[in-house]
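Coordinate inspection notes
Listed here are the chains, written in short residue letters.
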Amino acid sequence: MYVSDPAVVCLSMAPEPLHDIAHLGSVELLTPRPDRSLWYFRDVLGMTVAHEAGDSAYLRGYGDYAVSTLKLTAARTAGVGCIAWRATSPEALERRARAIEAAELGIGWTNGDFGRGRGYRFHDPDGHTMEIYYEEQKYRAPAELRSSLKNQPQKYAGRGVGVRRSDHLALLASDVAANRRFAAGLLGFQLREQVMFDQGKTELGSWMSPNAVHHQLAYVRDVKGGHGRLHHFSLWVDNREDVLRAADILAENGIFIEAGPAKHNNSQGFYLYSYEPGGNRVEIYSGSYLVMAPDWEPVTWDERERGSGTYWGGALPESFIQYGTPDIAAGDTPLDPPKLPVFF
Ligand SMILES: [Fe+2]
């Protein structure tokens, strides 16, 4: 094929993309009110408890193929524990472990957790704990939870919001650019959208993904200067009507709704943000769009274009910028600044 556009020729010389990470596997949320948090995810959002052990409960959405995608662990303060990513193969897991170890971000190999095999644990540059694994226990529903649909892992619970699956999470980071470079360079995530202020000099947020889901990991600037903190964890429902119904259900159960239902401009996500009883921000999410292009050009929003962060609906409140878990303003102690090498 003859290519006359120099820009196209330049793109054709870009390095081969990494495809070693398949998807977000499991997120561990820490909660100082484990019983109430369990009630929120099980009874209000309609997730199913797959296992309980020690201070932890393992939950799943009815559409999750893995046995568990959310681990709730009792802790002194709210926040995020281990974020687990599934590799595309055993070889991909070994490759990523070697690369992360070489970057001096590694913690070491683990024996895995309920539902998943051995994994390589590490820190991102902000100090969040992550793990990559390959072996995954697929969910086999007991008779009472078996779906009449052969291609659905569990029958629709019909309880509460009825979330289908885990979708993504957003992490706070003091240096968004360093963490974005880490996720792109070492995990192979594709950058989808960014918010850049001050003529591109200040990176406020980057939305990234290892697959066609618009974003599975977002880094958003930690305005408090903390480390290792969570902005929100997001669960998927099939359509906007489900999000509206979720708002009714949350309100009926006395759950604080921080924002929404409304529509973001970046990601086009239709959102509803609440705080689970332990204090972590949880999003009920639908809409958005898929990205198939291997040569996707990231969309960048500046101050004027970003606006309030909404496309329509009520503006996001100031707490959306200020609040994260652990809650520094309430005296919760975040992680110490990580003693990590300067990345890139
Ligand atoms: Fe989100």
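Residues numbered from 1 in each chain as written. Predicted model: local features only at pLDDT ≥ 70, side-chain atom pairs only at ≥ 80, totals over all residues. Heavy atoms only, no water.

1. Focus on the coordination of the iron ion
In an ideal tetrahedron of four donors about a metal, each angle is 109.5 degrees. In an ideal octahedron of six donors, the angles are 90 or 180 degrees. Worth spelling out the cut-off: Sites may look incomplete, because water is not among the atoms used; the donor set itself consists of N, O and S atoms within 2.8 Å of the metal (3.2 Å for Na, K and Ca). Under the DSSP-based scheme used, a helix requires at least four consecutive residues in state H or I and a strand at least two consecutive residues in state E, with every element numbered from the N terminus. Summary of the burial criterion: residues with accessible area below 20% of their type's maximum are buried, those above 50% are exposed, and those between are partly exposed, where the area comes from a 1.4 Å probe applied to protein chains only.
With distances of 2.1 Å, the protein atoms coordinating the iron ion are His168 (NE2), His232 (NE2) and Glu283 (OE). Each donor residue of the iron ion lies on one chain, and together they are spaced H-x63-H-x50-E. With His168 in strand β9 (residues 165-173) and His232 in strand β13 (residues 230-236), this residue pair connects regions lying 64 residues apart in the sequence. Taking the relative accessible area as the measure of exposure, His168 reaches 1% and is therefore buried. Classification of His232 by relative accessible area gives buried; the value is 6%.

2. As for the layout of surface pockets
Empty pockets left among the atoms are what a rolling probe the size of a water molecule brings to light. The line we're drawing: Note on definitions: the grid is 1 Å and covers protein atoms alone; a cavity is a set of points where a 1.4 Å probe fits but cannot get out; a pocket is an open set with protein on both sides within 12 Å along at least five of seven lines; lining residues have an atom within 4 Å of a point. Grid points are joined across faces, edges and corners, and a volume is the space filled by probe spheres set on the points. The residue classification treats Ala, Val, Leu, Ile, Met, Phe, Trp, Tyr, Cys and Pro as nonpolar and Asp, Glu, Lys and Arg as charged. All others, Gly included, are polar.
The calculated volume of the second largest pocket comes to roughly 420 Å³. What lines the second largest pocket is a set of 24 residues, among which Trp207, Val220, Arg306, Phe320 and Ile321 lie closest to the centre. Broken down by secondary-structure element, the contributors of at least two residues to the lining of the second largest pocket are β9, β10 (190-197), β11 (202-209), β12 (217-221), β13, β16 (281-287) and α7 (319-322). Looking at the lining of the second largest pocket residue by residue, the class counts come to 12 nonpolar, nine polar and three charged.

3. As for the side chain of Thr69
For the record, the criterion: Nitrogen and oxygen atoms within 3.5 Å of one another constitute a polar contact, given that in protein one can donate a hydrogen and the other can accept it, and given that sequence-neighbouring residues count only through two side-chain atoms. Residues are treated as being in contact if the distance between any of their heavy atoms lies within 4.5 Å.
Counting through the fold element by element, Thr69 comes out in the loop between β3 (56-60) and β4 (70-74). Under the relative-accessibility criterion, Thr69 is labelled buried at 6%. Side-chain polar atoms of Thr69 contact the side chain of Asp64, separated by 2.8 Å. Sequence-distant contacts of Thr69, that is, excluding residues within four places in its chain, are made with Gly25, Ser26, Val27, Met47, Leu59, Arg60, Gly61, Asp64 and Ser166.

4. What about helix α5 (residues 240-252)?
Note the following rule: Under the convention used throughout, the expected extent of a helix is 1.5 Å for every residue step, that is, one less than its residue count.
The end-to-end C-alpha distance of α5, which contains 13 residues, comes to 19 Å, matching closely the 18 Å that a straight helix rising 1.5 Å per residue would cover. Those residues of α5 lying buried are Val243, Ala246, Ala247, Ile249 and Leu250. Capping of α5 at its N-terminal end is provided by Asn239; its side-chain oxygen lies 3.1 Å from the backbone amide nitrogen of Glu241. Gly254 sits one or two residues past α5 and shows a positive phi near 70 degrees.

5. Observations concerning the sheet that holds strand β1 (residues 21-31)
Worth spelling out the cut-off: The pairing criterion is simple: DSSP has to find at least two bridges between the two strands. All axes here are fitted lines through C-alpha atoms, helices being fitted over the stretch that makes contact, and every angle between N-to-C directions spans 0 to 180 degrees.
If you trace the eight strands from one edge of the open sheet to the other, you get β2-β3-β4-β1-β5-β8-β7-β6, paired in mixed fashion. The sheet terminates laterally at β2 (48-53) and β6 (106-110), the two strands that pair on one side only. Recorded for the sheet is a direction-independent mean angle of 20 degrees between the axes of neighbouring strands. As paired strands, β2 and β3 are joined by five bridges and run antiparallel to one another.

6. Points about the nonpolar core
To keep it simple, the criterion reads: To define a nonpolar core, start from buried Ala, Val, Leu, Ile, Met, Phe, Trp, Tyr and Cys residues and group those joined through side-chain atoms within 4.5 Å.
Within the largest apolar cluster, 58 residues are counted, with the highest numbers of intra-cluster contacts made by Phe41, Leu45 and Leu169. Contact partners of Leu169, with chain neighbours within four places excluded, come to Leu24, Val27, Val80, Ile83, Trp85, Gln216, Leu217, Ala218, Leu230, His232 and Phe233. Counting six residues, the second largest nonpolar core, distinct from the first, contains Ala259, Ala262, Tyr271 and Leu316.

7. Quick notes on the pattern of salt bridges
Definition in use: Should a side-chain nitrogen of Lys or Arg be within 4 Å of a carboxyl oxygen of Asp or Glu, the pair is scored as a salt bridge.
This structure, assessed with the given rule, holds 14 salt bridges. Residue Arg180 pairs with Glu203 through a salt bridge whose shortest N-O separation is 2.6 Å. Of this pair, Arg180 sits in helix α4 (residues 176-185) while Glu203 is found in strand β11, placing the two residues 23 residues apart along the sequence. There is no split in this pair, since Arg180 and Glu203 are both buried. The salt bridge involving Arg281 is made with Glu258; its shortest N-O contact spans 2.7 Å. Of this pair, Arg281 sits in strand β16 while Glu258 sits in strand β14 (residues 257-264), placing them 23 residues apart in sequence. When sorted by exposure, Arg281 lands in the same class as Glu258, which is buried. Each of Asp20, Arg95 and Arg96 takes part in one network of salt bridges that share partners.

8. As for unusual backbone geometry
Residue Pro261 follows Gly260 across a cis peptide bond; omega there is 0 degrees. Looking at the secondary structure, you find Pro261 in strand β14. Here the residue pair Thr325 and Pro326 is connected by a cis peptide bond, since its omega of 0 degrees sits within 30 degrees of zero. Looking at the element boundaries, Pro326 is found in the segment after α7.

9. Here we look at the environment of Gln322
Relative to the helices and strands, Gln322 resides in helix α7. Sequence-wise, Gln322 and Lys224 are 98 residues apart; in three dimensions their C-alpha atoms are separated by 7.3 Å. Each residue touching Gln322, except ones within four places of it in the same chain, is listed here: Val223, Lys224 and Arg229. For Gln322, the side chain forms a polar contact with the side chain of Glu318, separated by 3.0 Å.

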